[in-house]
Amino acid sequence: MSNALAIASVTAVLKDLLDNAMIDHSLTSAVGGPVSVTALPPDRIKLGEDEKPQLNLFMYQVSPNSGWRNVGLPSADARGESLTNPPLALDLHYLLTAYGKRDLEAEILLGYGMQVLHESPVLRREAIRQALAPPSPLPGTPLPDGPLVASDLADQVELIKVTPQPIGTEEMSRLWSALQAHYRPTAAYAASVVLLESRRSTRAALPVAGRNVYVVPFRRPIIDAVQSTAGADEVIVIGTTLAILGRGLRGDTTRILFGGADVAPSTVSDDRITVPISAPPIPADRLRAGVQGIQVIHRIPMGTPATEHRGTESNVVAFVVHPVVTKDAANNYEVQITNVQPDTGGTTKARVTVRLTPVVGIHQRVVLALNERDPGPAMTRAYTFDAEPRTIDTDQMEFQIGRVMPATYLLRVQVDGAESALDVDAATHRYILPTVTVP
């Protein structure tokens, strides 16, 4: 690839081609004087009585090459070190203008100049090297500098093509107005493509030692329902084994995402997966009562040695984990009432302590619900109380109750809306436990 000197080098090569043609065709006799070839802005060329036979090659525009624009942009890593040096691809646009103060001089020069560019549609590599090489030094003198030799224009991957460009009178008029110069016979050309590439060192990656090709059909698992393995109507609590029902649930490696924990299921089939809600396999600090989401994840083993990569994921389905009022060694519910004191109007105030499973987080909302167990003919009394504030995750909830009529009450606890279950008498089908007696 060439470098930043390539733009000037293209102009120098074209100028050299035209200069050699003027000499080869002996135009001095045709125009009555020596012919010069320049590469100046048109407004700097002398006109009028001092106008001499002259061809001028002026580069008036540089545009990006559309064919090479998709190669990419320079990229760098996080440390700012270069990863790639894609070339800057440019098209150079020229005006070839002929000058002369006598009749037909400009037309003769323009004709020869256009013929030369027509016969040289591609700049050959050898012609570029010859045009950019420094002149031979005289004996006893040091070698002269040739700065354009360092452009490496002859070594770029694509040859430079010179093509005429049709320009209408309106566009030509605007160009010469912008140049603030007097118009002379002019032809337009484009030189394409000039590739400028940086010489900065880049970080090259090692070649690929081995290749693994995998063809994986896109099949996303779908969850239709989540329920307890004991039945669709059974309450889900800690210790329940979940049944995930759906389609396409089996994968190369099937994992379950629950409460932010990635766990392995117990059994897997295409339409059913079972996984216990317990610690293990789910970390104890991820077990919480309330609404939970569950998702099936398929991982794909790839590489040598094979490692699991992210594959497809199912939809997320919500279910409710209910809290449980725990029992002691004697199989009694761990519910205590303390600090009993009389309240207004024959009511009672006290502190109720309930131990729950699972542990309750400090930001979870906990509510105690009391319903009179044996109200008789009177209206059933019911109360709700919020748990007292806490600073740590705990399984022991404290409730301050007040203005409660003395009676025996069925006790339920709600954690983020998920409610603990009540025991049912098999004979009477009535709720019987757990209870708390308010004296």
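Residues numbered from 1 in each chain as written. Predicted model: local features only at pLDDT ≥ 70, side-chain atom pairs only at ≥ 80, totals over all residues. Heavy atoms only, no water.

> Just checking my understanding: could you explain the pairing of strand β5 (residues 88-99) for this structure?
Walk down a regular strand and you will see the side chains alternate between the two sheet faces. Counting buried positions over the 12 residues of β5 gives 11, a clear majority of the element. Examined bridge by bridge, strand β2 (residues 54-64) and β5 share 10 bridges and lie antiparallel to one another. When the bridges of β5 are listed, Ser63 appears paired with Asp91. (Buried < 20%, exposed > 50% of the residue type's maximum accessible area, 1.4 Å probe, protein only. Helix = DSSP H or I, 4+ residues; strand = E, 2+ residues; numbered from the N terminus. Pairing = 2+ DSSP bridges.)

> Would you mind going over the pattern of salt bridges with me for this structure?
Between side chains of opposite charge, a pair can form as their charged atoms come close. Under the definition given, this model contains 20 salt bridges. With its nearest N and O atoms 2.8 Å apart, the salt bridge here joins Arg102 to Glu105. What makes Glu105 buried here is its relative accessible area of 4%. Between Asp155 and Arg129 there is a salt bridge, with the nearest N and O atoms lying 3.0 Å from each other. Taken together, the residues Asp155 in the loop between α4 (125-132) and β7 (160-165) and Arg129 in helix α4 connect sequence positions 26 residues apart. Through salt bridges with shared partners, a single ionic network connects Arg255, Asp262 and Arg299. (Salt bridge = Lys/Arg side-chain N within 4 Å of Asp/Glu carboxyl O.)

> Quick question: what am I supposed to make of the packing of helix α1 (residues 6-24) against helix α3 (residues 105-119) here?
The angle between the axes and the distance between the axes are what describe a pair of packed helices. Direction vectors running N to C along α1 and α3 enclose 120°, while the axes themselves pass 10 Å from each other. Relative to α3, α1 is oriented oblique. The crossing of α1 and α3 is right-handed. Residues Leu14, Leu17, Leu18, Ala21 and Met22 of α1 form the contact with α3, whose participating residues are Leu109, Tyr112, Gly113, Val116 and Leu117. Grouping the amino acids of the contact of α1 with α3 by side-chain chemistry returns nine nonpolar, one polar and no charged. (Axes fitted to C-alpha atoms, helices over the stretch in contact; angles between N-to-C directions. Parallel < 35°, antiparallel > 145°, perpendicular 65-115°, else oblique. Left-handed = near helix turned anticlockwise from the far one by under 90°. Contact = heavy atoms within 4.5 Å. Nonpolar A, V, L, I, M, F, W, Y, C, P; charged D, E, K, R; others polar.)

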